[in-house]
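As a plain string of letters, each chain reads:
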Amino acid sequence: MEKKKLGFVGGLKEFCRKRIVALKHKPQTIPMIMLVITFLYYSLNLTKISNATAIVNKTPMGLCGFITMLFSMLALVCFMNSFPSRKPVNKPMLILMFAMMLGVLGADAIYYMTVINAAATTKLTIDKVNVMNGALQVLTVHVVLIVISLALVVLMPLYSKLIRKIKTSVEVEAGGEMAAIDVSGED
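Residues numbered from 1 in each chain as written. Predicted model: local features only at pLDDT ≥ 70, side-chain atom pairs only at ≥ 80, totals over all residues. Heavy atoms only, no water.

**A word on helix 5 (residues 91-121)**
Logical step 1: Here helix 5 contains 31 residues, and its C-alpha end-to-end distance of 45 Å stays within 8% of the 45 Å for a straight helix at 1.5 Å per residue.
Logical step 2: Taken as a whole, helix 5 has its buried residues at L94, M97, M100, M101, V104, A107, D108, Y111, T114, V115 and A118. (Helix = DSSP H or I, 4+ residues; strand = E, 2+ residues; numbered from the N terminus. Expected span 1.5 Å × (residues − 1). Buried < 20%, exposed > 50% of the residue type's maximum accessible area, 1.4 Å probe, protein only.)

So this is what it looks like as structure tokens:
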């Protein structure tokens, strides 16, 4: 049997079809990717958070940054363990993941308010204000990403049903015209 050669467009269509089939089998991939993006965003912008912590230097700031990093990593692990292969959802792990993400939101809120209060009560140079504004921007985007991630987890039953409705079957062409088969046994 010959393999049909696909052009670029055909190959792209086949690639997309395979991704959709994979999503049909594991719809939890979508919120997992969003959780990873959220964690990476915060991790890669941690310098801005650390610089603001060094400038403001108030009591809960370092602890809030630590809680955010720790709970973000542990929430990823809990989410991965929430959906074991060929088993029902592990609800305690999913609840623990939600609790940790709410803890991250709380830590971000405390950090944000501490920076705002410090900016209002302290005389700062333009450089320090810029550093603090950068940290506030990182926290704002991080909170938005967390809310999107949690919404994707909560809405997973809804969009997994929608994904399953997408037609991904491949139409197979006939193998050519078949000649009539002689079963009479005469030569």
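There is more to say, and it comes next.
**Remarks on the environment of Q28**
Logical step 1: When you line up the elements, Q28 lands in the loop between helix 1 (8-25) and helix 2 (29-44).
Logical step 2: Overall, Q28 belongs to the buried group, its relative accessible area being 17%.
Logical step 3: Sequence-wise, Q28 and L152 are 124 residues apart; in three dimensions their C-alpha atoms are separated by 8.9 Å.
Logical step 4: Once residues within four sequence positions are removed from consideration, Q28 is found in contact with F79, F83 and M156. (Contact = heavy atoms within 4.5 Å.)

**Here we look at unusual backbone geometry**
Logical step 1: Located in the positive-phi region is N57, a residue other than glycine, with phi close to 55°.
Logical step 2: Its location among the elements puts N57 in the loop between helix 3 (46-56) and helix 4 (59-82).
Logical step 3: In this structure N57 comes out as exposed when scored by relative accessible area, which is 61%.

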